[in-house]
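# Coordinate inspection notes
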Amino acid sequence: MDSAPLPRPGAASRAPFGRRRCEVASNRDSGGYRVVSLVDREGPEPEPGQFYMLAAATGWGARDGRAFLPRAISVAETMPAAGGGIRLDFLLDAVGPGTGRLCDLEAGEGVWIVGPLGNAFASPREVAPGAAGAVLVGGGVGVAPLALQRKRFAERGIAHRVLLGFRDRAHTGGLDLFCGSSGALCPEVRLATEDGSQGVQGRVTDLLLPILAGDDAASGVIYTCGPPAMLEAIRALCAEHGVSCELALESPMACGFGACFGCAVPKPGGGFLRLCIDGPVLRGDAVEEVSHAYA
């Protein structure tokens with residue numbers, strides 16, 4: 001692996017100054033999660049790996065009247081919106097009151113957004129000059145930014161494979177983001193579920209390990225997003241096999257643009273990175289260990 005101590009900045013779209021109000025176009029079920037689509041009439045198109053700070057325009061507060069902090073959510077899909085602008089799709093899991101409110105949004109409601117924020121995934125050859133292709137590895141709601149990355153790779157003719165892991169069939173949220181126009185799962189996608197209800201039984205790392213052990217493993221780049229334990233396992237495996245990787249991390253945030261230091265994570269050898277501006281995409285060799293505290 002390359003040994004650069006810091007993440008590369010990444011070429012990414014930059015958010016307009018201030019927040020702006022968007023309208024909910026739709027809210028649909030996706031394997032136990034929700035895909036909420038917003039119409040952004042003003043912002044630039046985001047790149048895979050970037051995120052937005054989201055807050056419902058109404059009902060955004062606890063019973064005692066205190067407002068929730070905005071939630072940092074990666075974009076999963078983009079496309080032109082009817083009437084102009086961009087449709088932004090977000091994969092959401094109701095893990096608390098804020099994400100619960102976002103999951104309950106109805107068509108026509110307003111959402112305050114700031115974004116796109118952070119950096120984006122690099123191309124394979126930006127990460128490793130000799131790379132010929134890529135392997136995308138996702139778990140849980142972490143499949144979201146990889147869905148957009150797969151779409152970009154397909155548009156640019158970059159060879160890639162996709163490995164996705166879920167707990168069980170009831171928690172396969174976002175899987176439909178990897179389906180073609182016919183509704184069938186794209187042929188480059190392989191699945192693993194812990195209970196064996198879909199794909200092979202096991203963890204997504206069970207699908208990745210044979211690839212890393214292959215003779216041509218170093219000719220590709222691993223892109224991954226998912227739970228911290230999964231990311232740490234993949235970071236360690238890539239380091240062991242000398243394969244370059246990029247990790248899309250998550251952490252609690254209050255602002256999204258570096259002011260609050262709520263998303264500071266330690267660097268190898270000392271110091272900190274702010275995931276909102278130095279990430280959320282980091283090179284595997286820029287992270288000493290993926291901590292559960294990041295999430």
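Our subject is the structure that appears above.
Residues numbered from 1 in each chain as written. Predicted model: local features only at pLDDT ≥ 70, side-chain atom pairs only at ≥ 80, totals over all residues. Heavy atoms only, no water.

## Thoughts on the environment of Thr78
With respect to the secondary-structure elements, Thr78 resides in strand β4 (residues 71–80). For the pair Thr78 and Phe90, spaced 12 residues apart in the sequence, the C-alpha separation amounts to 9.4 Å. Residues contacting Thr78, with those up to four places away along its chain left out, are Glu45, Pro46, Ile86, Arg87, Leu88, Leu148, Lys151 and Arg152. A distance of 3.1 Å separates the side chain of Thr78 from the side chain of Glu45, its partner in a polar contact. (Helix = DSSP H or I, 4+ residues; strand = E, 2+ residues; numbered from the N terminus. Contact = heavy atoms within 4.5 Å. Polar contact = N/O pair within 3.5 Å; in protein donor to acceptor, adjacent residues only side chain to side chain.)

## A short note on the side chain of Asp89
Its location among the elements puts Asp89 in strand β5 (residues 86–92). One polar contact links Asp89 to Ser37, side chain to side chain, over a distance of 2.6 Å. With sequence-adjacent residues up to four places away left out, Asp89 is seen in contact with Val35, Val36, Ser37, Val75, Ala76 and Glu77.

## Brief notes about helix α5 (residues 228–241)
Here α5 contains 14 residues, and its C-alpha end-to-end distance of 20 Å stays within 8% of the 20 Å for a straight helix at 1.5 Å per residue. Within α5 the residues assigned to the buried category are Pro228, Met230, Leu231, Glu232, Ile234, Arg235, Leu237 and Cys238. Positive backbone phi, approximately 70 degrees, marks Gly242, located one or two places after α5. (Expected span 1.5 Å × (residues − 1). Buried < 20%, exposed > 50% of the residue type's maximum accessible area, 1.4 Å probe, protein only.)

## Some details on the layout of surface pockets
A volume near 1,200 Å³ is recorded for the largest pocket. Lining the largest pocket are 43 residues, with Val141, Gly142, Gly226, Pro227 and Glu250 sitting closest to its centre. When residues of the lining of the largest pocket are traced back to their parent elements, those giving at least two are β4, β5, α3 (143–156), β8 (159–166), α4 (204–212) and α5. In terms of domain composition, the lining of the largest pocket takes at least three residues from each of domain 1 (20–117) and domain 2 (124–247). In this model, the second largest pocket occupies a volume close to 180 Å³. (1 Å grid on protein atoms, 1.4 Å probe; cavity = no way out; pocket = protein on both sides within 12 Å on 5 of 7 lines; lining within 4 Å. Points joined across faces, edges and corners; volume = space filled by probe spheres on them. Domains from an automatic or database assignment.)

## Side note on the pairing of strand β12 (residues 245–248)
Both faces of β12 are covered, namely the face carrying Cys245 and Leu247 and the face carrying Glu246 and Ala248. Relative to β12, strand β11 (residues 220–225) runs parallel, the two sharing 4 bridges. Each residue of the ladder has a partner; that of Tyr223, found in β12, is Glu246. In terms of handedness, the path from β11 via α5 over to β12 forms a crossover that is right-handed. Across 3 bridges, β12 lies against strand β15 (residues 281–283) in antiparallel orientation. (Pairing = 2+ DSSP bridges. Right-handed = clockwise from strand over helix to strand, strands pointing away.)

## Details of α4
Buried within α4 we find Val204, Thr205, Leu207, Leu208, Ile211 and Leu212. Buried positions in α4, seen along its axis, are confined to an arc of 155 degrees and lie on one side of it. (Arc of directions from axis to C-beta.)

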